[in-house]
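# Observations on chain architecture
Next come the chains, spelled out residue by residue.
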Amino acid sequence: MSPFIVLLCLVLLPVPAAASAAPQAVPAPQTAPAPQTAPAPQAAPASQTAAAPRIQLSAQEAGKGGTLTVTGSGWRPGTLLTLLICGQNMIGGTNACANGDGRAVTTGPDGSFRKDLPVAEPPKPCPCVVHAATVTGAPATADAPFTVAGHPVAPLPRAEPGGRLSVLAPPRLEGSSGLLTWFGAPARRRLVVTVGNVGATPAKDPVFEVGTSHGVFAPQWEERPWQGTVPAGRKQRIELPVELPAGAHGDYLVSLKYGGKVLAEQPWGVGRPWGVTLFWILLCVVVPAAVFRIGMAVVDRVRPRPGATRTKGRPWGKAVPRAPRRAAAAGRHRGPRAPAPRTAEPAPADGDAAAPLPWFTPDTAPSATTAPPTDPPTSKGSP
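Residues numbered from 1 in each chain as written. Predicted model: local features only at pLDDT ≥ 70, side-chain atom pairs only at ≥ 80, totals over all residues. Heavy atoms only, no water.

### A look at the sheet that holds strand β18 (residues 261-270)
Reading across from one edge, β14-β13-β17-β18 is the order of the 4 strands in this open sheet, with antiparallel pairing throughout. On the outer flanks of this sheet lie β14 (220-225) and β18, each paired with one strand and no other. Taken over all neighbouring pairs, the strand axes of this sheet differ in orientation by 25 degrees on average, direction set aside. In the sheet, strand β13 (residues 207-214) pairs with β14 via 6 bridges, with the strands oriented antiparallel. Note that in β14 the partner of Val207 across the bridge is Pro225. (Pairing = 2+ DSSP bridges. Helix = DSSP H or I, 4+ residues; strand = E, 2+ residues; numbered from the N terminus. Axes fitted to C-alpha atoms, helices over the stretch in contact; angles between N-to-C directions.)

Right under this line is the structure:
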């Protein structure tokens, strides 16, 4: 019995051990998802994207010829930046900065940089700033106040509510004329110009004035509103319609004005509408020919028909007895003119009363067969 009892004990002993090990293995799958649901790893990128780009200076004041160390953080990784010292808080844009002494720097993988910047006097008086701006990619800027020792200080200019626009590229006229322009239709073009906002405030929905002048005459201005916004320190492409009056030709000058200041001028040569000239030439030929044809038709309609005369109360076309030609001719010469003398005509014979009277009687009519006289004529004084 003793070996049997020992064998039975050996078989029953691993069962509690396995049972005790099973509860320890159950919690392991429950604790594994806990690190996945923790919000700690997601909080770090959110703080990095929320950080705005900024710069810090090693000194707040330095004189011309010194060196200033600029450090930045919060920028996009691998972004090219420009560093400038600007006067008047850069209200006039980069025109107020010392562009010749600026520096360029590229941000690191963490969006930070460190660069030495030489101190130079800007073209505008202080208060001055160190300006950092991106060159590529989405625009981003940051400013830090700085004082240039020995540089003049002046009050800041008054900010204009509509921004200050200036032309950055020569203007040009785009478009072409159609067939109707050859016959005097108004010529149309688009004035394309690139403007930049050098002010401190954005220009929202600016209203431009476009004027066209011919020769020595003053331009006639027309308002051309543009829908959009030109941010401060940025540039924008502007397209404005231009139209000339009907039949205009010759050399014109298109002008662009904003805020009472002429920004740009562009010449425009317009060809002559030869279709109008051709029309007037045809009109001068066709109208007289039509009038002549109408007049001839009226004359042909009104003139009397052969063998018919018009009497009072009798329409045209009714035949009436006609008077002798000589009597009708005599009746047309009534008035102050005396009638032509008439020669007496011999009375007709009784037997031929209706026959017309000849100019000569048969016995007095000359005859071609009459023989010449036999006796020659005698001269005066001969016997």
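### Focus: the side chain of Thr212
Mapped onto the fold, Thr212 is located in strand β13. Those residues in contact with Thr212 that lie beyond four places of it in its chain are Ala218, Pro219, Gln220, Val242, Leu244, Leu253 and Val254. (Contact = heavy atoms within 4.5 Å.)

### Overview of the packing of aromatic side chains
All chains considered together, the criterion is met by 3 aromatic pairs. Look at Phe279 and Trp280: their rings are 5.7 Å apart centre to centre, the planes differ by 70 degrees, and that puts the pair in the edge-to-face class. A cation sits over an aromatic face here: Lys257 above Trp221, 4.1 Å from the ring centre. Over the aromatic face of Trp274 sits the side chain of Arg272, whose NZ or CZ is 5.7 Å from the ring centroid. (Phe/Tyr/Trp six-rings, centres within 6.5 Å; stacked < 30°, edge-to-face > 60°. Lys NZ or Arg CZ within 6 Å of the ring centre and 35° of its normal.)

### Observations concerning the environment of Asp110
You can see Asp110 is positioned in the loop between β5 (103-106) and β6 (113-118). Along the chain, Asp110 and Trp75 lie 35 residues apart, while their C-alpha atoms are 8.0 Å from each other. A polar side-chain atom of Asp110 sits 2.9 Å from a polar atom in the side chain of Ser112. (Polar contact = N/O pair within 3.5 Å; in protein donor to acceptor, adjacent residues only side chain to side chain.)

### Some details on the sheet that holds strand β1 (residues 54-57)
Taken together, 3 strands build an open sheet; the order of strands is β1-β3-β6 and the sheet is antiparallel. Bordering the open sheet on either side are β1 and β6, each of which pairs with just one other strand. Across the sheet, the mean angle from the axis of one strand to that of its neighbour is 30 degrees, orientation sign disregarded. In the sheet, β1 pairs with strand β3 (residues 67-73) via 4 bridges, with the strands oriented antiparallel.

### Comments concerning the side chain of His151
Tracing the chain through its elements places His151 in the loop between β8 (141-149) and β9 (165-167). With relative accessibility at 10%, the residue His151 sits in the buried group. A distance of 2.8 Å separates the side chain of His151 from the backbone oxygen of Lys124, its partner in a polar contact. What His151 contacts, discounting residues up to four positions off in sequence, is Glu121, Pro122, Lys124, Pro125, Cys126 and Cys128. (Buried < 20%, exposed > 50% of the residue type's maximum accessible area, 1.4 Å probe, protein only.)

### So, the state of the cysteines
Here the structure, examined in full by the defined rule, presents 2 disulfides. Each sulfur in the disulfide pair Cys86 and Cys97 lies 1.8 Å from the other. Between Cys86 and Cys97 the sulfur-sulfur dihedral comes to about 95 degrees; the bridge is accordingly right-handed. You can see Cys86 sitting in strand β4 (residues 80-86) and its partner Cys97 sitting in the loop between β4 and β5, a full 11 residues away along the chain. Looking at Cys86, the relative accessible area reads 0%, which means it is buried. With its sulfur 2.0 Å from that of its partner, Cys126 forms a disulfide with Cys128. Residues Cys126 and Cys128 are joined by a disulfide whose S-S torsion is about -90 degrees; by sign, that bridge is left-handed. Just as Cys126 is buried, Cys128 falls in that class too. Numbered by order of appearance in the sequence, the disulfide-linked cysteines of the chain pair as 1-2, 3-4. (Disulfide = S-S within 2.5 Å.)

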